[in-house]
Amino acid sequence: MKVAIYTLGCKVNQYETQAMEQELRRRGHEVVEFSAPADAYVVNSCSVTAVSDQKSRQMLHRIRREHPAAVAALCGCYPQTHVEDVRKLDVDLIAGTGDRVGFIDLLEQAVEEKRPMEAIDRAFDRRTFEVLPAGGMAERTRAMLKVEDGCVNFCTYCIIPYARGPVRSLPLDKAMEQAAQLKADGYREIVLTGIEISSWGKDLKNGQTLIDLIEALCKAAPGVRIRLGSLEPRTVTEDFCRRAAALPDLCPQFHLSMQSGCDATLKRMNRKYDTARFAQSVALLNQYFEY
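Remember, predicted model here, so these are calculated numbers, not experimental data.

Time to look at the sheet that holds strand β1 (residues 2–7). Strand pairing in a sheet relies on backbone hydrogen bonds, with the paired strands running either antiparallel or parallel. Across the sheet, which stays open at both edges, the six strands sit in the order β2-β1-β3-β4-β5-β6 with parallel pairing between neighbours. Strands with a single pairing partner mark the edges of an open sheet, and in this sheet they are β2 (30–31) and β6 (117–119). Note: strand β5 (residues 93–95) against β6, three bridges, orientation parallel. Within β6, the residue paired with Ala95 across the bridge is Ala119. Across the sheet, helix α1 (residues 11–26) touches β1, β2, β3 (40–45) and β4 (71–76), and the angle it forms with β1 is around 175°.

What follows is about unusual backbone geometry. Excluding glycine, a negative phi dihedral is what most residues carry, and trans is how most peptide bonds are arranged. We note that Lys114 has phi near 55°; this positive angle belongs to a residue other than glycine. The topology assignment puts Lys114 in the loop between α5 (100–113) and β6. Here Asn270, not a glycine, exhibits a phi torsion of approximately 65°, which is positive. Inspection of the secondary structure puts Asn270 in the loop between α10 (263–268) and α11 (275–288). In this structure Asn270 comes out as partly exposed when scored by relative accessible area, which is 33%.

What follows covers the pairing of β4. Among the six residues that make up β4, six are buried, leaving the element largely enclosed by the rest of the structure. The two faces of β4 match: Val71, Ala73 and Cys75 on one face and Ala72, Leu74 and Gly76 on the other face are all buried. Direction of pairing for β4 relative to β5: parallel, over a ladder of two bridges. Across the sheet, the residue bridging to Leu74 is Ile94, located in β5.

What follows is about the pattern of salt bridges. Counted by the stated rule, this structure contains 27 salt bridges. As a salt-bridge pair, Arg62 and Glu66 come within 3.4 Å of each other at their nearest N and O atoms. Note that Arg62 and Glu66 are positioned in helix α2 (residues 50–66) at a spacing of four residues, about one turn of the helix. For Arg62, a relative accessible area of 25% puts it in the partly exposed group. Note that Arg65 and Glu66 form a salt bridge whose closest N and O atoms lie 4.0 Å from each other. Arg65 gets classed as exposed once you look at its relative accessible area, which sits at 58%. Overlapping salt bridges, with partners in common, bring together Glu16, Arg100, Lys146, Asp149, Arg164 and Arg168 in one network.

Turning our eyes to something else, we now look at the side chain of Glu196. Position of Glu196 among the secondary structure elements: in the loop between β9 (189–194) and α8 (210–220). For the buried Glu196, which has no salt bridge, the nearest side chain bearing the opposite charge is Lys202, at an N-O separation of 5.1 Å.

A cluster of nonpolar side chains, namely Phe124, Val152, Phe154 and Tyr162, defines an oily patch on the protein surface of about 360 Å² accessible area. Within the secondary structure, Tyr162 sits in helix α6 (residues 160–164).

Let us now look at α1. For α1, built from 16 residues, the straight-helix expectation of 22 Å at 1.5 Å per residue is met to within 8% by its first-to-last C-alpha distance of 22 Å. Following α1 by one or two positions, Gly28 has its phi on the positive side, about 95°.

A word on the nonpolar core. Core analysis: the largest hydrophobic core is formed by 47 residues, its most contacted members being Leu145, Leu192, Leu213, Ile214, Leu228 and Phe240. Counting only elements with at least two residues in this core, the list comes to α1, β7 (142–149), α7 (172–184), β9, α8, α9 (238–245) and α11. Counting residues per element, this core draws most heavily on α8, at eight residues. With residues near it in sequence (within four places) discarded, Leu213 still touches Val147, Leu172, Ala175, Leu192 and Trp200. Within the second largest apolar cluster, 19 residues are counted, among which are Ala40, Val71, Cys75 and Ile104.

Time to look at α5. In a regular helix each residue adds 1.5 Å, so 14 residues correspond to 20 Å; α5 covers 20 Å between its end C-alpha atoms and thus fits that length. Of the positions making up α5, those classed as buried are Arg100, Gly102, Phe103, Ile104, Leu106, Leu107, Ala110 and Val111. Immediately beyond the C-terminal end of α5, within one or two residues, lies Lys114, with a positive phi of roughly 55°.

The rules behind the values
Residues numbered from 1 in each chain as written. Predicted model: local features only at pLDDT ≥ 70, side-chain atom pairs only at ≥ 80, totals over all residues. Heavy atoms only, no water. Pairing = 2+ DSSP bridges. Helix = DSSP H or I, 4+ residues; strand = E, 2+ residues; numbered from the N terminus. Contact = heavy atoms within 4.5 Å. Axes fitted to C-alpha atoms, helices over the stretch in contact; angles between N-to-C directions. Buried < 20%, exposed > 50% of the residue type's maximum accessible area, 1.4 Å probe, protein only. Salt bridge = Lys/Arg side-chain N within 4 Å of Asp/Glu carboxyl O. Lys, Arg positive; Asp, Glu negative; His and termini not counted. Patch = residues over 30% accessible without salt bridge, like charges linked within 9 Å, V, L, I, M, F, W, Y side chains within 5 Å. Areas by Shrake-Rupley, 256 points an atom, 1.4 Å probe, with all protein chains shown as cover. Expected span 1.5 Å × (residues − 1). Core = buried A, V, L, I, M, F, W, Y, C linked by side-chain atoms within 4.5 Å.

The values are spatial; any link to function lies outside them.
Quick look at the structure:
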C-alpha cells in the first residue's frame, strides 16, 4: 500500500514519524508525499495548543476533501488527550502516542478491511520505553535518537504528562547500540531527543543520569557529534559541566528552558527552578565552555 504521513509538533513526533516510515518500508509498503495519491493518509498530531488541535482537524478535512476513498488516520497527542472530540470527526483509524509498531498493524487492517478502528490506551499506565529505529533520511548526515519519553513535572499550563505518561528511558546498552549503528550507517551527528531528556534515567533507578548517557554515547560512536535537545536548568550542575566539557564530540550548544523571568510567574507555572537557579546554570556553562 501507499502511505503518506503529515507531522505536526515537536522533534519527538518527527522522530516517531521517521520510525513509522522505516517500519512501513520494511514491510514492503511505499511512503509517498502527502500531496500524492495514497491508500492511507496519516496525521501525526500535536496538542500543545488549541491551534495545534485545529491544524490536525484541518488536515483531516483536507484528506476527506481531496482523497475521499482513502483511509484517514489520526495518531499522536491530540487523540490521546481529546479522544471524545476526535470520535466526532470523520476518521477511519484513531490511535494515541503509544505502540507505533502496533499502529502500523492497525493501519494495514484499516486499509484491507475498510472499517473504523481505534486504539487509545491509558498513558499513565505505561512503564516501558518503546524502542524504535533511530536514523534520518538517507541523504542527510544528522540523525535523531530518541532516548526518553514522558514527563512528570506537571507544569500548570502543560498537557504533555497526560499525552505522554510517566518518564521512560531508553536503556543505556540499547542507546549505545543505536548510536554505534548510526555511526556505521555514516551519520556524522546524533541529536538526542525526548519529551524531557533531562529526566533520562529516573525510571531506571540505578543512579544513572543524563551525563552518564552522554558519556556512553560518545564512547559508542567516537567521532560522531552528539547534540542535546532542550535541558531543564537544574540539569546543569558543576559535575555535569565538568564531565561534559571533557567530551570533544559533544556539541557545546545548550538550550535551557525558561518560561518567564519573573519568579512569581514561574512559581504559578509550577516550574521547579527560579531565576537565580537559571542564572547559576548559565554561569556554570560559561565557566566550563568557551564561547
